[in-house]
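Summary of structural features
If you want the building blocks of each chain, they are given just below.
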Amino acid sequence: HAEVDVSVIILTYKKHLALAKLLPSVLQQKKCKFEIIIADNGCLEDTRKVIDGTFGDHDTDAQPRPPLKYLPLCDNPGYAKGNNAAVALASPTSERLLFLNDDIVLGSPRFIYNMVRLLKSKETAAAVGCKILNSNGTELIEAGSLIWDDA
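**A word on the state of the cysteines**
Put plainly, two cysteines are in a disulfide when a covalent bond ties their sulfur atoms together. Enumeration according to the criterion identifies one disulfide in this entry. Between the sulfur of C43 and that of C74 lies a disulfide, 2.1 Å long from S to S. On the sign convention where negative is left-handed, the bridge of C43 and C74, at about -95 degrees about the S-S bond, is left-handed. Taken as a pair, C43 in the loop between β2 (34-40) and α2 (45-56) and C74 in the loop between β3 (68-72) and α3 (79-87) lie far apart in primary sequence, 31 residues in all. With a relative accessible area of 54%, C74 lands in the exposed category.

**Here's the deal with the nonpolar core**
One finds V8, I10, L23, V26, I36, L100 and I112 to be the most contacted residues of the largest nonpolar core, which totals 21 residues. If sequence neighbours within four positions are ignored, I10 has contacts with L19, L22, L23, V26, I36, I37, I38, A39, L100 and D102. Ranked by size, the runner-up nonpolar core spans seven residues in total, among them L11, I37, A39 and A86.

**Quick word on the sheet that holds β3**
Judged by pairing direction, the sheet is parallel, and its four strands sit side by side in the order β3-β2-β1-β4 without closing on themselves. Whereas interior strands pair on both sides, the edge strands pair on one side only; in this sheet they are β3 and β4 (96-101). Here the average twist between neighbouring strands, direction ignored, is 20 degrees. As paired strands, β2 and β3 are joined by five bridges and run parallel to one another. The residue of β3 that forms the bridge with I37 is K69. The strands that α2 touches are β1 (6-12), β2 and β3; relative to β3, the one it contacts most, it runs at about 175 degrees. Across the sheet, helix α4 (residues 111-121) is in contact with β1, β2 and β4; its angle to β4 comes to roughly 130 degrees.

**Examining the side chain of N41**
Inspection of the secondary structure puts N41 in the loop between β2 and α2. Of note is the side chain of N41, whose polar atom sits 3.1 Å from the backbone oxygen of G78. Other than its neighbours up to four places away in sequence, N41 contacts L11, T12, Y13, L73, C74, N76, P77, G78, Y79 and G82.

**What about the pattern of salt bridges?**
Inspection of every chain in the model, using the stated rule, returns six salt bridges. Across the pair K15 and D102 runs a salt bridge whose closest N-O atoms are separated by 4.0 Å. Residue K15 is found in the loop between β1 and α1 (16-27), and its partner D102 is found in the loop between β4 and α4; the two are separated by 87 residues along the sequence. Given the relative accessible area of 6%, D102 is considered buried. Between K69 and E35 there is a salt bridge; the shortest N-O distance is 3.1 Å. One end of the pair, K69, is in strand β3; the other, E35, is in strand β2, with 34 residues separating them in the sequence. Through salt bridges that share partners, K15, D102 and D103 make up one connected network.

**Considerations on unusual backbone geometry**
Even without a glycine there, the phi angle at K31 is positive, about 65 degrees. As for its position among the elements, K31 is in the loop between α1 and β2. On the basis of relative accessibility, which here comes to 52%, the residue K31 falls in the exposed class. A positive phi angle is found at N76, which is not glycine, with a value near 50 degrees. Position of N76 among the secondary structure elements: in the loop between β3 and α3. Looking at N76, the relative accessible area reads 32%, which means it is partly exposed.

Thresholds, definitions, all that
Residues numbered from 1 in each chain as written. Predicted model: local features only at pLDDT ≥ 70, side-chain atom pairs only at ≥ 80, totals over all residues. Heavy atoms only, no water. Disulfide = S-S within 2.5 Å. Helix = DSSP H or I, 4+ residues; strand = E, 2+ residues; numbered from the N terminus. Buried < 20%, exposed > 50% of the residue type's maximum accessible area, 1.4 Å probe, protein only. Core = buried A, V, L, I, M, F, W, Y, C linked by side-chain atoms within 4.5 Å. Contact = heavy atoms within 4.5 Å. Pairing = 2+ DSSP bridges. Axes fitted to C-alpha atoms, helices over the stretch in contact; angles between N-to-C directions. Polar contact = N/O pair within 3.5 Å; in protein donor to acceptor, adjacent residues only side chain to side chain. Salt bridge = Lys/Arg side-chain N within 4 Å of Asp/Glu carboxyl O.

Scope: geometric values only; no functional claims are made or implied.
As structure tokens, this is what we get:
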């Protein structure tokens with residue numbers, strides 16, 4: 001397996017349509033080595049079809065797909081336990097964890113890179129957050145106290 005710097009953890013629960021929008025935005029990420037770990041708290045057949053379809057269509061010579069780990073948690077252990085179970089699958093080379101909800105879309109192909117760059121620039125930081133926007137671009141909420149302009 002290739003070395004990765006970031007483990008992207010996506011917890012999903014019966015939101016295959018939302019996941020179908022998120023996954024392409026993750027696969028478009030540039031300038032970083034990452035893996036994707038999907039913890040599936042709902043185990044719907046449609047969720048697995050979205051994952052298989054998205055990853056099956058992505059792999060090209062120009063941009064190989066990142067490693068994918070799929071964790072079926074059909075008994076729905078909840079948000080915290082689901083995320084913790086996914087963390088246990090993270091690659092030993094991964095230095096950072098990025099937790100994503102299944103109902104978001106990354107707004108930039110450099111989102112992961114920018115988050116890592118921000119974290120590296122703050123020696124005492126253990127975590128960073130981002131601004132969350134509505135689909136129309138208006139600010140929904142702010143996570144954390146440092147606002148990053150990733151333009």
